[in-house]
Amino acid sequence: MSRVHDMGGQHGFGPLAIESDEPPFHHEWEARVFALNRLLLRSGRYTLDEFRAAVEAMPPADYLAASYYERWLHAIETLVREKGVLDVRPG
Amino acid sequence: MSHVHEEPHASAHESSAGAANRVKSLVAALEAASVLTERQLDEAIESFLAHAQPANGARIVARAWVDPGFRERLLADGNAAAAELGIDLAHWAPVRLRVVANGPGRHNLIVCTLCSCYPLALLGPSPTWYKSEAYRSQAVRDPRGILAEFGTHVGADVEITVWDSTAEVRYLVLPERPAGTELLSEAELEALVTRNGLIGTALV
């Protein structure tokens, strides 16, 4: 069964908003999310497939409410937790 | 024709501020755990913006317009042809570049219905509309409607092929060389090539 990210052919998401002279990122935090993902992928903390899966596993309502880089942030937070990148063992 | 953006809703502002705080906390925690540094983040952003340029896509297209041998190699193996120009497509992971040529009666349009796959190295940072639900959902169902949103009209007799990108395969449109450009240099031809022309939402 398809999930919410599988958007090809769906109706009701228009019209298209086209921004002229769009900057690469609209907020500083978006650029940092992009860079975080790049560094964590490069250092092998998780794979691109795992990253995509983490985005796609978002609950549909959360997915649709989130902006593009908010979805990325959600996926990074999820993977960092799942992969124990920040594990602090209870003393 | 581009739509005027409405002012973001207050909730979007709050949501963005919330995300900014989450990023700050996450970076601080990763730095404290010696996973990465602020400096590495800054360098990653700078390097991305320096290397991911639509000028790279334009160089490939202009070369294909002036060199039939290159065009043939490009359509056969996009990665190898890009490498001839010193362009490295490996952004995060090895991806295969497939170049699709427009021609008489034939137009191509690129989308990623699942997410946002896109040849960043050749096109620069992807525009928000490419990643939007509106584009992803409509492009495969009503490509002529999408093209009209960009003010791009192709004849009813022109067949439009929509290519749905994946994590492994990225597409680039090879537009038709405009008429009357026979005397232009390769550099002048490069200047005619637009990002949207390489995605297929515009003609060149």
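Residues numbered from 1 in each chain as written. Chains lettered and ligands numbered in written order. Predicted model: local features only at pLDDT ≥ 70, side-chain atom pairs only at ≥ 80, totals over all residues. Heavy atoms only, no water.

1. A few points about the overall build of chain B
Next up, step 1: Check the secondary structure of chain B and you find eleven helices and four strands.
Next up, step 2: Its C-alpha atoms give chain B principal-axis dimensions of roughly 55 × 40 × 30 Å.
Next up, step 3: Out of the 204 residues in chain B, the part that is buried amounts to 49%.
Next up, step 4: In chain B, of all internal contacts separated by at least 6 residues, the share reaching a separation of at least 24 is 69%.
Next up, step 5: Here chain B contributes 17 positive and 25 negative side-chain charges, whose respective centroids are spaced 3 Å apart. (Helix = DSSP H or I, 4+ residues; strand = E, 2+ residues; numbered from the N terminus. Buried < 20%, exposed > 50% of the residue type's maximum accessible area, 1.4 Å probe, protein only. Contact = heavy atoms within 4.5 Å. Lys, Arg positive; Asp, Glu negative; His and termini not counted. Charge placed at Lys NZ, Arg CZ, Asp CG, Glu CD.)

2. With respect to the side chain of B:Asn56
Next up, step 1: Checked against the element boundaries, B:Asn56 lands in helix α3 (residues 54-66).
Next up, step 2: We classify B:Asn56 as buried; its relative accessible area is 14%.

3. Regarding unusual backbone geometry
Next up, step 1: Unlike most non-glycine residues, A:Asp21 shows phi in positive territory, near 50°.
Next up, step 2: Along the chain, A:Asp21 falls in the segment before α1 (28-42).
Next up, step 3: Although it is not a glycine, B:Ser34 sits at a positive phi angle of roughly 60°.
Next up, step 4: Take B:Ser34: its relative accessible area is 61%, and that puts it in the exposed class.

4. Digging into the nonpolar core
Next up, step 1: Grouped together as the largest cluster of nonpolar side chains are 92 residues, with contacts concentrated most on A:Leu36, A:Phe51, A:Ile76, B:Leu30, B:Ile60 and B:Tyr135.
Next up, step 2: Looking at this core element by element, the count peaks at nine residues for α1(A).
Next up, step 3: Non-local contacts of A:Ile76, meaning those with residues more than four positions away in its chain, are made with A:Val33, A:Leu36, A:Asn37, A:Leu40, A:Tyr46, A:Phe51 and B:Leu26. (Core = buried A, V, L, I, M, F, W, Y, C linked by side-chain atoms within 4.5 Å.)

5. Structural notes on the interface of chain B and chain A
Next up, step 1: Chain B puts 51 residues into the contact, and the matching count from chain A is 50 residues.
Next up, step 2: Together, the buried faces of chain B and chain A total about 4,700 Å²; carbon and sulfur atoms form 66% of this surface.
Next up, step 3: Taking the shortest distance from any N to any O, the salt bridge between B:Asp42 and A:Arg32 comes out at 3.8 Å.
Next up, step 4: Viewed at the interface, chain A and chain B are joined by 15 residue pairs in polar contact (both at pLDDT 80 or more).
Next up, step 5: Listing elements by their share of the side of chain B that touches chain A, those giving two or more residues are α1 (10-32), α2 (38-51), α7 (128-131), α8 (133-138) and α9 (143-149) of chain B.
Next up, step 6: With ten residues, α1(B) is the largest single contributor of residues to the side of chain B that touches chain A.
Next up, step 7: When grouped by side-chain class, the residues that make up the side of chain B that touches chain A number 30 nonpolar, twelve polar and nine charged. (Buried area = accessible area lost by both parts, 1.4 Å probe. Salt bridge = Lys/Arg side-chain N within 4 Å of Asp/Glu carboxyl O. Polar contact = N/O pair within 3.5 Å; in protein donor to acceptor, adjacent residues only side chain to side chain. Nonpolar A, V, L, I, M, F, W, Y, C, P; charged D, E, K, R; others polar.)

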